[in-house]
Amino acid sequence: MKKLLVMGLLLLSYAGRAQEVDADLMKVKKRLDTVQQFTATVVLDLDVPFIRMPTKTAQMHYEKGKQTRFSSEDFVMLPKRGLDFSFDELFKYPFITVDRGTEMRNGQSLKIVNVIPTDKRAELALATLYLDVKNRRIMQSEINTRKEGSYTLSMHYTKPNDILPDYVEATFAVERLKIPFNFMGKDTKIDRQQMKAQDKKTGVIKIRIKEYRIYE
Amino acid sequence: MKTLVWAEVVKLAKQSKTYYALGAVFLIECLIFITAYYQGSTILDVLLDSLKQSFYFEGTLLNGNLILYIVLNGLWFNVPLIIMIITSGILTDEYKDGTIQTTLLQAVNKGSFIGAKYIVAVGFTLFIITFMLLSSSALAYSIFGKGDLVVYLQTLNFFPAADAFRRICWAFASGAVAMLFYSVVSVTLAVWIKEAAKTWIAAALFLIITNLLLKLDLGITIANHFFFPKLMDTWQAFFYNEIDWSSVWINNAVLLGYGVLLTSIGVWAFRKQDIG
């Protein structure tokens, strides 16, 4: 409800002032647009309360306009949202922006911009981006999708001129496991209160990205 | 003693019953494999269904390790029955054929005689478990290949392929302790009952009751931990993310203690018995 109210207000302000797309965001987008293709090795650490998974390694293959692919010799679980480092999905359809001022985060002054896709086909409903204006890149984002809930991304870059992050933390909501009793181990105890409390949990995937090969 | 044990080994190797038992174990394994393949897909569907909304998966979990885990779950009721039939037969056959009198009329110590029977029962059980581990691993990996293992025990636990196989080997070792317990129970039952068919019925009843008691809450903490039926699935401890080694060692030591106690009772009862 809160999100709808915010979105409504943002749209009203847009209608009233016929706002232009934020210039700093466009600079970031322009820089991201130079990345046509990249491959990288991703090291994944999944932190979900009811899943115990060891650290996994996979190869990531990105090509502009195409679905990002992952390949691994191991079994890997990848979140459906939060691995779009180039923000293709967000900038795919026309959008409007609202400047929300600046904020200090981790000792850095970041510009906050709301991005609202205006096309009905867009799967993303609202994104709040935290921009490092000086280095023209996105540091954090909070994204609300139309159908698949919300997630946040926190990015870390090694060098000031890096376009793509070398570390990303994606936080998302996960539905609890619904496992029939006959599949449970003999020692599994049923705690109904705990199960109810676990209806939705927050999961975090920590991704270290290395061995980038970027094609511009 | 060595001669007695060797004589028992030769007798066991010469009787067709032993090979029927090996064949039966292998047949059970094959049947569990077929059901495990179908059950495996269903288990994975159910386990991962609620996660499909948030994640997509790369790679497969329907592999030799999952099949071996399902096999482990299915073996511990059928195999003890076969082990108990064979190991009790080591003694009941002697009663039936009257060879026990012939042997004991010679300069053979009664304690050594029954001791050799227990030793051979233990050896045969360990042989069966090793056979199961080797044959099921060879079948599982050659048909389904290697890969990560997923198990649901309070949480969804994923184990890399090498770690999964290590845990499966430990689970077989822990299961072997439970099987040793069943085999000494069957020899002890044979000491009292003497007749093969009646011993089999008693052994089967013991197995069924033990399995029923495994799930029953006895209301007393110490009984829930150390009453022998509660120790039978210690092997499951290897599929928690963190293995509680102290609990594994204690449980198996207690179960071995039960085995030693029952062996002692069996040896004592046999020595007291009038063989004539």
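Residues numbered from 1 in each chain as written. Chains lettered and ligands numbered in written order. Predicted model: local features only at pLDDT ≥ 70, side-chain atom pairs only at ≥ 80, totals over all residues.

In the nomenclature of an unreviewed UniProt entry, chain B is known as ABC transporter permease of Olivibacter ginsenosidimutans.

Chain A carries the name Outer membrane lipoprotein-sorting protein in an unreviewed UniProt entry, which gives Olivibacter ginsenosidimutans as its organism.

This paragraph deals with the overall build of chain B. For chain B, the count of helices and strands is nine helices and three strands. Mapped from its N terminus to its C terminus, chain B presents α and β elements in the order α-α-β-α-α-α-β-β-α-α-α-α. Taking the principal axes of its C-alpha atoms as reference, chain B extends roughly 75 × 45 × 30 Å. The long-range share in chain B, meaning contacts at least 24 apart out of those at least 6 apart in sequence, stands at 81%. (Helix = DSSP H or I, 4+ residues; strand = E, 2+ residues; numbered from the N terminus. Contact = placed C-beta atoms within 7 Å.)

Looking now at the overall build of chain A. Looking only at helices and strands, chain A has four helices and 12 strands in total. In chain A, buried positions account for 26% of the 216 residues. Put simply, of all contacts in chain A between residues at least 6 apart along the chain, 55% involve residues at least 24 apart. (Buried ≥ 20, exposed ≤ 12 C-beta atoms within 10 Å, placed from the backbone.)

With that out of the way, let us pick up the packing of helix H6 (residues 161–193) of chain B against helix H7 (residues 196–215) of chain B. Residues and elements named next belong to chain B. Direction vectors running N to C along H6 and H7 enclose 140°, while the axes themselves pass 9 Å from each other. On the basis of their axis angle, the class for H6 and H7 is oblique. When you trace H6 past H7, the crossing you get is right-handed. Contacts between H6 and H7 involve Tyr182, Val185, Ser186, Leu189, Ala190 and Ile193 on the former and, on the latter, Lys198, Thr199, Ala202, Ala203, Phe206 and Leu207. Along the lines of polarity and charge, the residues of the contact of H6 with H7 split into nine nonpolar, two polar and one charged. (Axes fitted to C-alpha atoms, helices over the stretch in contact; angles between N-to-C directions. Parallel < 35°, antiparallel > 145°, perpendicular 65-115°, else oblique. Left-handed = near helix turned anticlockwise from the far one by under 90°. Nonpolar A, V, L, I, M, F, W, Y, C, P; charged D, E, K, R; others polar.)

On to the UniProt feature "transmembrane region" (unreviewed entry) in chain B, then. Residue and element names in this part refer to chain B. Mapped onto this structure's residue numbering, the UniProt feature "transmembrane region" (unreviewed entry) falls at residues 20–38, 66–86, 118–144, 164–193, 200–228 and 248–270. Measuring from the first to the last C-alpha atom of residues 164–193 gives 42 Å, for a span that is 100% helix and 0% strand. Across residues 248–270 one finds 100% helix and 0% strand; the C-alpha atoms that close the span lie 33 Å apart. (UniProt positions renumbered as here; feature names shortened; annotations may be inferred.)

The next point concerns the interface of chain A and chain B. Facing the 30 residues of chain A at the interface are 26 residues of chain B. Listing elements by their share of the side of chain A that touches chain B, those giving two or more residues are strand S2 (51–52), strand S4 (69–71), strand S5 (76–79) and strand S11 (167–175) of chain A. A per-element tally of the side of chain A that touches chain B places S5(A) first, with four residues. A class-by-class count of the residues in the side of chain A that touches chain B yields 18 nonpolar, four polar and eight charged. Note: S5(A) against strand S1 (residues 55–58) of chain B, four bridges, orientation antiparallel. When the bridges of S1(B) are listed, A:Val76 appears paired with B:Glu58. (Pairing = 2+ DSSP bridges.)

This next bit is on the sheet that holds strand S2 (residues 149–153) of chain B. Strand order in the open sheet formed by three strands is S2(A)-S3(B)-S2(B), and the pairing between neighbours is mixed. Edge strands, defined here as strands with exactly one partner in the open sheet, are S2 of chain A together with S2 of chain B.

On to helix H2 (residues 23–33) of chain A. All names here are of chain A. Residues of H2 that are buried: Leu25, Val28 and Leu32. In an axial view of H2, the angular spread of the buried residues amounts to 60°, which keeps them on one side of the axis. Facing away from the buried side of H2 by over 90 degrees, the exposed positions are Ala23 and Lys30. Next to the buried residues of H2 lie strand S6 (95–105), strand S7 (108–117), strand S8 (124–132) and strand S9 (137–145). (Arc of directions from axis to C-beta.)

Turning next to the packing of helix H5 (residues 110–144) of chain B against helix H9 (residues 245–272) of chain B. Residues and elements named next belong to chain B. Packing of H5 against H9 leaves a shortest axis separation of 9 Å and a crossing angle of 140°. When the axes of H5 and H9 are compared, the pair comes out oblique. The interaxial crossing formed by H5 with H9 has right-handed handedness. Mapping the contact onto sequence places Lys110, Gly111, Ile114, Gly115 and Tyr118 in H5 and Thr263, Gly266, Val267, Phe270 and Arg271 in H9. Classifying every residue of the contact of H5 with H9 by side-chain character gives four nonpolar, four polar and two charged.

Turning to H6(B), a few remarks are in order. For an α-helix the count is 3.6 residues per turn, leaving residues at separations of three or four pointing the same way. Residues and elements named next belong to chain B. With 33 residues, H6 should reach 48 Å at 1.5 Å per residue; the first-to-last C-alpha distance of 47 Å fits that figure. Summarising burial for H6: 24 of the 33 residues are buried, a large majority. Lysine 194 lies just past H6 and shows a positive phi near 70°. (Expected span 1.5 Å × (residues − 1).)

Counting all residues, the mean pLDDT for chain A is 80, and 80% of those residues have values of 70 or more. The low-confidence segment residues 14–18 of chain A (pLDDT under 50) makes two contacts with residues lying over four places distant or belonging to another chain. (pLDDT = per-residue confidence, 0-100.)

The next subject is unusual backbone geometry. With a phi close to 50°, A:Arg136 is a non-glycine residue in the positive phi region. Within the element layout of this structure, A:Arg136 appears in the loop between S8 and S9. Positive phi, normally seen in glycine, also occurs at B:Lys194, with a value near 70°. Along the chain, B:Lys194 turns up in the loop between H6 and H7. Overall, the presence of 16 C-beta atoms within 10 Å leaves B:Lys194 in the partly exposed class.

Residues and elements named next belong to chain A. Pairing geometry for S6 and S7, over nine bridges, is antiparallel. Considered in S7, the bridge of aspartate 99 is made with valine 113. Connecting the antiparallel pair S6 and S7 is a turn made up of two residues, with asparagine 106 showing a positive phi of about 50°.

Looking now at the environment of B:Ile70. Residues and elements named next belong to chain B. Along the chain, isoleucine 70 turns up in helix H3 (residues 64–97). Sequence separation of isoleucine 70 and isoleucine 28 is 42 residues, and the distance between their C-alpha atoms is 13 Å. Setting aside chain neighbours within four positions, we find isoleucine 70 in contact with Ala36, Gln39 and Gly40.

Residues and elements named next belong to chain B. Take leucine 4: it is sitting in helix H1 (residues 2–14). Since 19 C-beta atoms lie within 10 Å of it, leucine 4 is described here as partly exposed. C-alpha of leucine 4 to C-alpha of lysine 194: the two residues are 190 residues apart in sequence and 20 Å apart in space. The contact partners of leucine 4, leaving out residues within four places of it in the chain, are Ser112, Phe113 and Ala116.

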